[in-house]
Amino acid sequence: MRKTYEFENPYYTIEVPATIVFCIVVLLWCGYQAIWGNYFAPAILAIFAIAAFYQLWNLAISHAYPRYVHLDGESITFEQWGREDRYDYATLESFLVRSNANNGKTFIRAGETTPFRGRYWISTKKYTNGKELFDELDAIEMAVHPDMLKARARRDSGAYMERSDEIRAQREQRKQPKKKKGARAHNAALGTKAQKSEKE
C-alpha cells in the first residue's frame, strides 16, 4: 500500500514557489546593479547572486524540496512538479539522514548524488503525518546502514527496530538471485542431447 506525505500549505507556497520568485528577483537586481548601479561593491553583489543562484538551483533544478514523499513498502519516491526520484530499497546502497528531532528537519543523501538529484531537505513537521514520516526516514537509514554508530544507538534504545527489520528483510529477499523460468526443462534437454551423442 502506497503512503503519500504532502508538504502542506502555506509552508510549501512560501518555501518553494515564492522563494523561487524571490531568487529570480535578486538575480535580476544584482545584474542591474552590476551594470548600471553605483551603490554596491562587486564582491557584495557576487555574494548575493551566488546565494540566490544556489537556492534557485536546489528549488527548481535538483528538486531538493519535494512536494510529495511516497512510500510503498519497497521504495521511497520524492516527487516535485511531475518528476519522481524513486529509490528501491533492494538496490539502494546509500541513504544518509541528518535529522533534528526537535524541529523535524532532515537532510537526506540518497543513492549516488549529483547536482540534479539525490539531495533532499524535508521539514517533516510541515508534512502530513510528519512524525510518521520522520520515523520512516530513520528506519530506512537503519536498514541500509545497520552498522552505523547512529543505527547501533537507535537499536540499543529499540527505536524504529520493527520497521527497520522489515525493510532490511525485504532488501535481503529481493537481492537473492531468482531462478529463470524453464531452467529445469533446459537442463533436461541438455542432458538428453548429451546421452544421444554418447550413443552415437
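Residues numbered from 1 in each chain as written. Predicted model: local features only at pLDDT ≥ 70, side-chain atom pairs only at ≥ 80, totals over all residues. Heavy atoms only, no water.

Topic: the pairing of strand S2 (residues 68-71)
Argument step 1. One ladder, built from 4 bridges, connects strand S1 (residues 3-6) with S2; its direction is antiparallel. Opposite Thr4, over in S2, you have His70 as the bridge partner.
Argument step 2. Of the strand pairs in this sheet, S2 and strand S3 (residues 75-80) are connected by 4 bridges, and their pairing is antiparallel. Looking at S3, one finds that Tyr68 is bridged to Glu79. (Pairing = 2+ DSSP bridges. Helix = DSSP H or I, 4+ residues; strand = E, 2+ residues; numbered from the N terminus.)

A word on the sheet that holds strand S6 (residues 105-114)
Argument step 1. Taken in spatial order, the 3 strands of this open sheet run S5-S6-S7, and their pairing is antiparallel. Pairing within the sheet leaves two strands with one partner each, and these edge strands are strand S5 (95-99) and strand S7 (117-123). Going from strand to strand, the sheet's axes swing by 15° on average, the running direction of each strand aside.
Argument step 2. Sheet topology note: the S5/S6 ladder contains 5 bridges and is antiparallel. Among the inter-strand pairings, Arg98 is bridged to a residue of S6, identified as Phe107.
Argument step 3. In this fold helix H4 (residues 130-144) packs onto S5, S6 and S7, with an angle of close to 135° to the strand it touches most, S5. (Axes fitted to C-alpha atoms, helices over the stretch in contact; angles between N-to-C directions. Contact = heavy atoms within 4.5 Å.)

Looking at the confidence of the model for the protein chain
Argument step 1. Residues at a pLDDT of 70 or more form 78% of the protein chain, whose mean pLDDT is 83.
Argument step 2. For the stretch residues 196-200, pLDDT sits under 50, and the model shows 0 contacts to residues farther than four places along the chain or on other chains. (pLDDT = per-residue confidence, 0-100.)

Considerations on unusual backbone geometry
Argument step 1. Residues Asn9 and Pro10 are joined by a peptide bond in cis, for which omega reads 5°.
Argument step 2. Within the fold, Pro10 resides in the loop between S1 and helix H1 (11-15).
Argument step 3. Despite not being glycine, His63 has its phi angle at roughly 55°, a positive value.
Argument step 4. According to the relative accessible area criterion, His63 is buried, its value standing at 11%.
Argument step 5. Even without a glycine there, the phi angle at Asn129 is positive, about 50°.
Argument step 6. Within the secondary structure layout, Asn129 lies in the loop between S7 and H4. (Buried < 20%, exposed > 50% of the residue type's maximum accessible area, 1.4 Å probe, protein only.)

With respect to the side chain of Thr77
Argument step 1. When you line up the elements, Thr77 lands in strand S3.
Argument step 2. Look past the residues within four positions of Thr77 in its chain and what remains in contact with it is Arg2, Tyr68, Val69, His70, Glu84, Asp85 and Arg86.

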